[in-house]
Amino acid sequence: MSIEEMGRRAKAASQVMSGFLPRDRSRALLAVKDALWHKAPEILTANEQDLEDARKNGIGEALLDRLTLNVKRIDGIIEDIGHVAALPDPTGEEFDSRVLPNGLRLRKRRVPLGVLGVIYEARPNVTSDIASLAIKTGNACILRGGKETLRSNLLISETIRQGLRDAGFPEDAVQLISEPDREYVHQLLKLDKYVDMIIPRGGQKLQDLCRRESTVPVIIGGFGVGHIFVDASADQERSLPLIGNAKLQKPSACNAVDTVLVHRDIAGEFISKLGRYLADRDVKMVAHGAAYDLLSAVAPEKTREGEDGDFDTEWLSLTVNIAITDSLDAAVAHLRAHGAVHSDAILTNDYRNALAFMNAVDSACVYVNASTRFSDGGQFGLGAEVAISTQKLHARGPMGLLELTTYKWICEGDYAIRE
């Protein structure tokens, strides 16, 4: 099927989807959940075949982790669909109502965006996450996953379509581009006749491609160098497991910490503690400036000296930059210079410094005394997410149900005439 035909079908499906009541769309999601539960063993088999090919092609460990489904992860996928089904549906909500002096009654009503084009790499769970959020909000979606998980994505998407059919919904509300050829991505980016928003979930090259070539509005996100600044007032003992969580809980995630900056006043003591803590957990440390002597003294086998470009690297692995900074202002300047747009944190017991950091750092998610790993639709109570937006128009941070809607003005009068 051509991309043009997929777009036409998606647009038609979105028009049908928007007409269903919220309770009906929740019913459809429960049918999808049931279908995935029955197909779970087959999906795991398909994923194992994808992983075999990926290993033969020399895919690195970080990407392999993103590709992998197991019983726990697929149970999580199915459970998340149930969570989305149970969430309040924002469509139809009316707000900002007013009555003008001429008697005209105005209000805004939330409505679906229409058709979403989502391009993503690895992670087959993204297929179900996006589909479930689109169904819940009355949208349709055209999905293009990475070639590394083609079998997994095909089976997941076909199972979702089966669930939609079982519930009496248009199956073309969820479509997957099955051809790995990059040309299909270029065609999707030009499908402004049918597609209302492009959401790329992947590395900087994919983001740049979409921003450069798309004639459809693009939401940029999912990439950014994550930072934690350890202030002089921070509780050092409690900071260690927090930094460990931000690095170790899921190293391949886009919200894992990439750089730890330590205030000079505590650097001599804290960096030695941090070096031992991370080395014991097999983390490689890229040490910059005076941090190198401190770290190489306690964990020489896990430490290397920093090089040009390291501060601008999203590691996606058990690697982290460590450096010393003179002040909060210097830390903020470092963040601004090195890709702080996603998830960044300060560890401090000084309220004024916390407030200054919150005000100065212009990231999508700013944390005080919390791990950066919380930047996630499920953790934010959104059920799931289609992306984590790092731009400023339309949406920022985890994009859940609300961010998949827009609004229209409803204007009522008594045969009103403009004078």
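Quick notes on the rules
- Residues numbered from 1 in each chain as written.
- Predicted model: local features only at pLDDT ≥ 70, side-chain atom pairs only at ≥ 80, totals over all residues.
- Heavy atoms only, no water.
- Phe/Tyr/Trp six-rings, centres within 6.5 Å; stacked < 30°, edge-to-face > 60°.
- Helix = DSSP H or I, 4+ residues; strand = E, 2+ residues; numbered from the N terminus.
- Buried < 20%, exposed > 50% of the residue type's maximum accessible area, 1.4 Å probe, protein only.
- Lys NZ or Arg CZ within 6 Å of the ring centre and 35° of its normal.
- Salt bridge = Lys/Arg side-chain N within 4 Å of Asp/Glu carboxyl O.
- Polar contact = N/O pair within 3.5 Å; in protein donor to acceptor, adjacent residues only side chain to side chain.
- Contact = heavy atoms within 4.5 Å.
- Disulfide = S-S within 2.5 Å.
- 1 Å grid on protein atoms, 1.4 Å probe; cavity = no way out; pocket = protein on both sides within 12 Å on 5 of 7 lines; lining within 4 Å.
- Points joined across faces, edges and corners; volume = space filled by probe spheres on them.
- Nonpolar A, V, L, I, M, F, W, Y, C, P; charged D, E, K, R; others polar.
- Pairing = 2+ DSSP bridges.
- Axes fitted to C-alpha atoms, helices over the stretch in contact; angles between N-to-C directions.
- Patch = residues over 30% accessible without salt bridge, like charges linked within 9 Å, V, L, I, M, F, W, Y side chains within 5 Å.
- Areas by Shrake-Rupley, 256 points an atom, 1.4 Å probe, with all protein chains shown as cover.
- Lys, Arg positive; Asp, Glu negative; His and termini not counted.
- Charge placed at Lys NZ, Arg CZ, Asp CG, Glu CD.

Draft legend 1. Seen up close, the packing of aromatic side chains. Going through the model one piece at a time under the given rule, you end up with two aromatic pairs. On the numbers, 3.8 Å between centres and 15° between planes, the contact of phenylalanine 20 with phenylalanine 169 is stacked. Of the two residues, phenylalanine 20 is situated in the loop between α1 (3-17) and α2 (22-56) and phenylalanine 169 in the loop between α6 (150-166) and β5 (174-176); the sequence distance between them amounts to 149 residues. Between phenylalanine 95 and tyrosine 407, the ring centres sit 6.0 Å apart and the planes meet at 80°, which makes this aromatic pair edge-to-face. Note that phenylalanine 95 is positioned in strand β1 (residues 94-99) and tyrosine 407 in strand β16 (residues 405-412), a separation of 312 residues in sequence. Note on tyrosine 407: relative accessible area 39%, which makes it partly exposed. The ring of tyrosine 277 carries the charged tip of arginine 281 above its face, separated from the ring centre by 3.6 Å.

Draft legend 2. Broad picture of the pattern of salt bridges. On inspection of all chains with the given rule, the structure shows 30 salt bridges. Across the salt bridge formed by aspartate 24 and arginine 27, the nearest N and O atoms sit 3.7 Å from each other. With a gap of three residues between them, aspartate 24 and arginine 27 both fall in helix α2, about one helical turn apart. Here aspartate 96 and lysine 108 are joined by a salt bridge, their closest N and O atoms 3.2 Å apart. Placement of the pair is aspartate 96 in strand β1 and lysine 108 in strand β2 (residues 105-112), with a sequence separation of twelve residues. You can call lysine 108 buried: its relative accessible area is 13%.

Draft legend 3. The arrangement of the side chain of aspartate 89 in detail. Locating aspartate 89 in the fold gives a position in the loop between α4 (71-86) and β1. A polar atom in the side chain of aspartate 89 sits 2.8 Å from the side chain of arginine 25. Setting aside its immediate chain neighbours within four residues, aspartate 89 contacts Pro22, Arg25, Lys136 and Thr137.

Draft legend 4. Highlighting the state of the cysteines. Applying the stated criterion across every chain yields a total of zero disulfides. Unpaired in terms of disulfides, cysteine 210 finds its nearest cysteine sulfur in cysteine 254, a separation of 16 Å. Note on cysteine 210: relative accessible area 0%, which makes it buried. Cysteine 254 supplies the cysteine sulfur nearest to cysteine 365, a cysteine that is in no disulfide, at a spacing of 9.5 Å. A residue is classified by how much of its surface remains accessible, and cysteine 365, at 5% relative accessible area, is buried.

Draft legend 5. How the structure looks around the layout of surface pockets. Each pocket or cavity is described by its volume, and for the largest pocket that value is around 1,400 Å³. Breaking the lining of the largest pocket down by element, the ones donating at least two residues are α3 (61-67), α4 and α5 (125-136). Top element by residues in the lining of the largest pocket is α4. It accounts for seven residues. In terms of residue class, the lining of the largest pocket is made up of 16 nonpolar, 17 polar and 16 charged. Roughly 230 Å³ of internal volume is contained in the second largest pocket. Lining the second largest pocket are 14 residues, with Met1, Met6, Leu176, Ile177 and Ser178 positioned closest to its centre.

Draft legend 6. Looking closely at the sheet that holds β1. Strand order in the open sheet made by the three strands is β1-β2-β16, with antiparallel pairing throughout. Strand pairing shows two members of the sheet lacking a second neighbour, β1 and β16, which therefore form its edges. Sheet twist, expressed as the mean angle between neighbouring strand axes with direction ignored, is 20°. Looking at chain direction, β2 and β16 are connected through eight bridges and run antiparallel. When the sheet's bridge partners are listed, arginine 105 is paired in β16 with glutamate 412.

Draft legend 7. Spotlight on empty space enclosed by the protein. As enumerated under the stated definition, the model contains one cavity of 30 Å³ or more in all. The calculated volume of the largest cavity comes to roughly 30 Å³. Looking at the largest cavity, the residues that line it are Arg144, Gly145, Gly146, Lys147, Leu150, Ile177, Ser178, Glu179 and Pro180. In the lining of the largest cavity, the residues fall into three nonpolar, three polar and three charged.

Draft legend 8. Quick look at a negative patch on the surface. On the surface, a cluster of negative charge is contributed by Asp293, Glu305, Glu307 and Asp308. Inspection of the secondary structure puts glutamate 307 in the loop between β10 (303-305) and β11 (319-325).

Draft legend 9. Focus on the pairing of β1. Where β1 and β2 come together, four bridges link them in antiparallel fashion. Bridge assignment links phenylalanine 95 to a residue of β2, and that residue is lysine 108. Counted along the chain from β1 to the antiparallel partner β2, the turn is five residues long, and its residue glycine 103 has a positive phi close to 95°.

Everything listed here is a matter of geometry and, on its own, says nothing about what the molecule does.
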